Structure formats: structure tokens, C-alpha cells
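Geometric and topological summary
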Amino acid sequence: MIKIAPSLLSADFANMGGATRKLGEWNADLVHFDVMDGTFVSTITFGPAMCAAIRPYTELPIDVHIMVEHPETYIDQFAKAGADYLTFHAEADAHAHRTLQAIRRAGMKAGVAINPGTPVEMVQYLLSICDLVLVMSVNPGAGGQSFIAEVLPKIEWLKKQREAHGYTYEIEIDGGINADTAKLAAKAGADILVSGSSVFKASDPKDMIARMHRAEN
Ligand code: DX5
Ligand code: ZN
């Protein structure tokens, strides 16, 4: 079944422990944790200390998405903070192959992300050592933006590459996912849907996640 990863970016920052605990009650599959450094994107959110603080509030995997320059700097800090996945941006790292290997060595699943404007072929040489590939369907930096449907062929391409070469990565899509766009992403072949505002602003978040789980049907 398709996995749903609600993003804490849309949670109440004054109650992150409570928001994290709720995700389990709502039948989410992963906790998506958006780290922004004010340089790679203009927003500043939170970092490894917040990840460590929420760790006791859930048994779900914490899916850390770092929108930061110099991602290699943060690998050990997030491993110590209890992150399960660590995904960085290909655009922020001239040595992405080395960084993926270092993330795995630190005991986490290693992911690479690409902005909407980045051709997916940029990560082709990384696919054999990725545990996750994240396709951004909005420009990173904020929640609540509109889905860019033109990125969907990247998902289809990643699925075909995985089949053709026997790769094992999961395909994640992030940005503008609601009950409708979830269907488009599922049809294209996404395994994990990240959703911030649609889940946290829903009148019934548990029902919204259930609808997203049904998106592949
Ligand atoms: C955007 C973040 C996303 C964001 C998604 O830079 O990476 O994870 O929280 O939020 P929505 O679902 O509101 O587009
Ligand atoms: Zn994200």
C-alpha cells in the first residue's frame, strides 16, 4: 500500500511532541521532517535537536528532508537524533555519491531529492546506492503551494529505471499533495506521498490520510 508521510512543517510548532504522537493515531506511515537552513531556501525551520525532541513521541520512521547547503555536515547529528531516513538535495551537493554512502554508513536510509527544475537524469548515476528518491512537486521552502503536475514523468522514469535495473529505492513525491493530486502521483508510481497542509488543515486528518491511502485504487 502507498505510504503517507505527513509533514510537521504544517504542525503547531509550539506542540511538536503532541503533533508527532497524533500521526500514529491517524495511521500515517512516516513522519516527514522538513529542515530548512535559510540559505538553500529562504526559510529557517528546525534541526537535529528538534528531531531528537520528537523521537520519543512516535515509533514511526522519521523521514528527514534537509533543504540545506553542505548536507554532509549534518549526517552524524541526524543519526544521533534518531532519524531513519536522511534525504538531501542533489543541487546542494557536488559530491552526492559520497554523501549517500556516508548516510548509509551512519545507519540511516539514504535519499536524494531534486527540485522541480532539475532533470531527473541528474541522479541516474546515484540510483544504485539510493534507498529513496524524492521528487519535489513544488519549489522547496514553504507548505501550501500548488502541485506542479509536469514533474510526474520523473516518477514514471524512476519506476522504469528501478524495474529495468533491479534497483530498490522508494519513490517519494513532496509538495501540493491533496486527495486529488495523490491519485495522479500514485498512478505515476510514487511509493510515498508527503503531505503537509492538506493533512494538518483537514477537519478530519485521519480521514484525509485514509483517502490518500486509497489513492492508488
Ligand atoms: C516544502 C516541503 C514539503 C512541505 C509540503 O519545501 O519540503 O514537505 O511541507 O507541504 P504541502 O503538502 O503543504 O505542499
Ligand atoms: Zn519535505
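Predicted model only: the values in this text are computed from it and were never measured. (Residues numbered from 1 in each chain as written. Chains lettered and ligands numbered in written order. Predicted model: local features only at pLDDT ≥ 70, side-chain atom pairs only at ≥ 80, totals over all residues. Heavy atoms only, no water.)

**Description of the pattern of salt bridges**
Tallied over the entire structure, the rule returns 5 salt bridges. E170 is paired through a salt bridge with K3; the nearest N and O atoms lie 2.8 Å apart. Here E170 is found in strand 7 (residues 170-174), whereas its partner K3 is found in strand 1 (residues 3-6), with 167 residues between them in sequence. The salt bridge partner of E25 is K22, with a shortest N-O separation of 3.8 Å. Remark: K22 and E25 occur in helix 1 (residues 16-25); sequence separation between them is 3 residues, near one turn of the helix. For E25, a relative accessible area of 45% corresponds to the partly exposed category. (Salt bridge = Lys/Arg side-chain N within 4 Å of Asp/Glu carboxyl O. Helix = DSSP H or I, 4+ residues; strand = E, 2+ residues; numbered from the N terminus. Buried < 20%, exposed > 50% of the residue type's maximum accessible area, 1.4 Å probe, protein only.)

**Quick notes on the coordination of the zinc ion (ligand 2)**
Ligation of the zinc ion (ligand 2) by protein atoms is provided by H32 (NE2), D34 (OD), H65 (ND1) and D174 (OD), these donors lying 2.0 to 2.3 Å from the ion. All donor residues of the zinc ion (ligand 2) come from one chain, and their arrangement in sequence is H-x1-D-x30-H-x108-D. Pair noted here: D34 is in strand 2 (residues 31-36) and H65 is in strand 3 (residues 62-67), with a separation of 31 residues, a long-range link. Accessibility classification places D34 together with H65 in one group, the buried group. (Donors = N, O, S within 2.8 Å, 3.2 Å for Na, K, Ca; no water.)

**Focus: the packing of aromatic side chains**
Counted by the stated rule, this structure contains 4 aromatic pairs. Ring centres 4.6 Å apart and planes at 45 degrees place the aromatic pair F33 and F46 in the tilted group. Separated by 13 residues along the polypeptide, F33 in strand 2 and F46 in the loop between strand 2 and helix 2 (48-54) bring together distant segments of the chain. With a relative accessible area of 0%, F33 lands in the buried category. Classification of F46 by relative accessible area gives buried; the value is 9%. Taken together, the aromatic side chains of F13, F33 and F46 make up a single cluster linked through ring pairs. (Phe/Tyr/Trp six-rings, centres within 6.5 Å; stacked < 30°, edge-to-face > 60°.)

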